[in-house]
Amino acid sequence: MSVMTLAGCADTPPPEPTPTLSSAPTTPPVDTSIVRTLIDSERSTPDLVVGEPAEPVGGESAVQVSYDSGGANVTGVLRIPDADGPVPIVVVVHGSVDPEDYETGRDLVPEQRALLDAGFAVFATDMRGYAGSDSADTAANLTIDPGFGWSTVLDWGMALDVVNALEIARSGQIDGVDPDAVGLLGHSLGGLLALDAAVISPGASDLVIAMSAPASDLGEALGQVAEDDPDLADELAAEGIGLPAEDPEYWADISPATFFDRATEPLLLLHGSADDVAPAEWAQRTADAWTTAGGTAEVVVLDDGDHHLEPRRGEGDDIIVAAFDAVLR
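Keep in mind that this is a model prediction, so the values were computed, not measured.

Novice: Can you walk me through unusual backbone geometry in this structure?
Specialist: Leave glycine aside and you will find that most residues have negative phi; peptide bonds, for their part, are mostly trans. Following E310, the chain continues into P311 via a peptide bond in cis, with omega recorded as 10°. Structurally, P311 is set in the loop between β11 (297-302) and α9 (313-328). Within the chain, L108 stands out as a residue other than glycine whose phi angle is a positive 55°. On the basis of relative accessibility, which here comes to 1%, the residue L108 falls in the buried class. The phi torsion at D304 lies on the positive side, around 70°, for a residue other than glycine. In this fold, D304 is placed in the loop between β11 and α9.

Written as structure tokens, this is what we have:
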């Protein structure tokens, strides 16, 4: 489907999922169909439930965790490095991958390992619909086909899941972690969710890094796609949604760029020039919109890098670690 560029994809994970911790939701559900309702929703910091040990990626102490997120149970993995604490922590958000193959906390492993090696704790959250997290809401939200053999539900409650992970990190619940040094890293769809989190809960992180993120103005991006796809209107109509020109309020309400004036964190956008899923020009547009709204943003484009920054991913990881080090330390 031509709107695949709105979500992109992430790494192909190992084929065998591991069991994850579950806990009963403790808060009533919220409307997750648009970002605006998440901004307006009432929130309280959830409790982090610690479960069984998880597979480490770099010699760290790793445990399975879960938490309530607006009435949904969300799972993940908490990784603590072998370092003198308290240490800064980075919430890591995966992109759109095949939910059947996704393994809890196992996307963006190179980035997680680089952060752990540098002495950062990592909180890798599983978006709703993945691993042991509750299912995404398919009835109220747009479902797209990224074109890689699986469908992705754009349930913006995933952004709420990111916010709650950040607020847990801020709360002081995690032993050995500095609650005043919290970073946020997302790739592809996870990068878009990181932008959402920054406008839903300003200040929940101290630095947002979005790798290979899609457009932050989804209506503008889809309008461009629609010019070359005469079937797109019918595909969206089947979901009960009009094109941006016909339904501008909906597209504005799901686009983080609409709310960039709320964001307080600095933003780093990391992109590959050869990304054929999310064009690098979208990163610059996001940075321009962020700065126009009063924020601080920087774009780094790695020549010849693809959607996962290959073959320059190692350089990208060095940039990520250096940026978090400069801000969180």
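Structure shown, so let's carry the discussion forward.
Novice: Help me understand the sheet that holds strand β10 (residues 267-272), please; the structure alone is not making it clear to me.
Specialist: Pairing between the strands of a sheet is mediated by backbone hydrogen bonds and can be parallel or antiparallel. Here nine strands make up an open sheet; going across it, the order is β1-β2-β3-β5-β4-β8-β9-β10-β11 and the pairing mixed. Each edge of the sheet is formed by a strand with only one pairing partner; in this case those strands are β1 (49-53) and β11. Here the strands of the sheet are splayed against their neighbours by 25° on average, with no regard to which way each runs. Strand direction decides the pairing type here: strand β3 (residues 72-80) and strand β5 (residues 121-125), joined by four bridges, are antiparallel. Residue L78 lies in a different strand from β5, and its bridge partner there is F123. Where helix α2 (residues 109-117) meets the sheet, it contacts β3, β4 (87-93), β5, β8 (177-187) and β9 (207-211), and its direction lies at approximately 155° from that of β5.

Novice: Explain the side chain of N164 to me, please; I cannot follow it from the model alone.
Specialist: Along the chain, the position of N164 falls in helix α3 (residues 157-170). Here N164 is in contact with S44, P46, Y67, D68, S69 and G70, once residues within four sequence places are set aside.

Novice: Explain α9 to me, please; I cannot follow it from the model alone.
Specialist: Side chains three or four residues apart in an α-helix point the same way, a direct result of the helix having 3.6 residues per turn. In a regular helix each residue adds 1.5 Å, so 16 residues correspond to 22 Å; α9 covers 22 Å between its end C-alpha atoms and thus fits that length. R313, G316, D317, I320, V321, A323, F324 and L328 are the residues of α9 that are buried. Buried residues of α9 fall within an arc of 160° about the axis and therefore sit on the same side. Across α9 from its buried face, at more than 90 degrees, point the exposed residues D318 and A326. Looking at the buried residues of α9, the elements they touch are β4, α2, β8, β9, β10 and β11.

Novice: I would appreciate a short explanation of the environment of I241 in the present structure.
Specialist: Mapped onto the elements, I241 comes out in the loop between α6 (232-237) and α7 (248-253). Separated by 10 residues in sequence, I241 and W251 place their C-alpha atoms 9.3 Å apart.

Thresholds applied
Residues numbered from 1 in each chain as written. Predicted model: local features only at pLDDT ≥ 70, side-chain atom pairs only at ≥ 80, totals over all residues. Heavy atoms only, no water. Helix = DSSP H or I, 4+ residues; strand = E, 2+ residues; numbered from the N terminus. Buried < 20%, exposed > 50% of the residue type's maximum accessible area, 1.4 Å probe, protein only. Pairing = 2+ DSSP bridges. Axes fitted to C-alpha atoms, helices over the stretch in contact; angles between N-to-C directions. Contact = heavy atoms within 4.5 Å. Expected span 1.5 Å × (residues − 1). Arc of directions from axis to C-beta.

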